[in-house]
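Chain by chain, the residues run as shown.
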Amino acid sequence: MASYNKVLLMGNLTRDPEVRYTPKGTAVATLGLAVNRVYTTDAGEQKEEVMFVDIEVWGRQAETAGEYLSKGRPVFVEGRLKLDSWDDKETGQKRNKLKVVGERVQFLGAPRQGAEFKDSAPANDKPQSERGRAPRSQPAAPAAEAAPAEPVEPPANGGDDNIPF
């Protein structure tokens, strides 16, 4: 039998990310996400319901989330569902909690007006394609002056490139 475990969520963070590290040094961030749904009842009344979701992010994504995200920021999360089970020490009952393991977290919007990133390192002037995985504490190398682009001549065949669409 086939199975597919994929979750796509967009919402606002309910708290600042909490970043911890495993004994082997892997970063783990815990995020709280509020996802809103607005709907109209049969009586024509508009209602809003909010769902709160716990999200766990690992590795570099966890470090980046802890560095740049804060309460209230909108994010898009792509991940999978995971069920945690444990025995409650007080009652002895078995407990379960469903959460999302975020495999990709995309930051939406811009930082709030007047807000600065938690990291005070200088901004990186390089385009994304030229950036390495160097730590943010290193200053960015100055960007090279780009030569002005030369005009592009249209193809001699009038643009007919035999592409069927």
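Let's talk about a nonpolar patch on the surface
So, step 1. A contiguous nonpolar surface patch, about 290 Å² in accessible area, is contributed by L81, L83 and L98.
So, step 2. Tracing the sequence through the fold places L81 in strand β5 (residues 74-87).
So, step 3. L81 sits in the partly exposed class, given a relative accessible area of 39%.

Re the confidence of the model for the chain
So, step 1. A residue-level look at the chain finds 67% of positions with pLDDT of 70 or above and a mean pLDDT of 79.
So, step 2. Within the model, pLDDT remains below 50 along residues 117-140, and this stretch shows 25 contacts once partners closer than five positions in the same chain are excluded.

Some details on the pairing of strand β4 (residues 46-58)
So, step 1. Across 13 bridges, the pairing between strand β3 (residues 27-40) and β4 is antiparallel. Bridge pairing in β4 places V35 opposite M51.
So, step 2. Between β3 and the antiparallel strand that follows it, β4, lie 5 residues; G44 among them carries a positive phi value of about 85°.
So, step 3. For β4 and strand β6 (residues 94-107), the ladder comprises 3 bridges, and the chain directions are parallel. Within β6, the position partnered with V57 by the bridge is G102.

Criteria and thresholds
Residues numbered from 1 in each chain as written. Predicted model: local features only at pLDDT ≥ 70, side-chain atom pairs only at ≥ 80, totals over all residues. Heavy atoms only, no water. Patch = residues over 30% accessible without salt bridge, like charges linked within 9 Å, V, L, I, M, F, W, Y side chains within 5 Å. Areas by Shrake-Rupley, 256 points an atom, 1.4 Å probe, with all protein chains shown as cover. Salt bridge = Lys/Arg side-chain N within 4 Å of Asp/Glu carboxyl O. Helix = DSSP H or I, 4+ residues; strand = E, 2+ residues; numbered from the N terminus. Buried < 20%, exposed > 50% of the residue type's maximum accessible area, 1.4 Å probe, protein only. pLDDT = per-residue confidence, 0-100. Contact = heavy atoms within 4.5 Å. Pairing = 2+ DSSP bridges.

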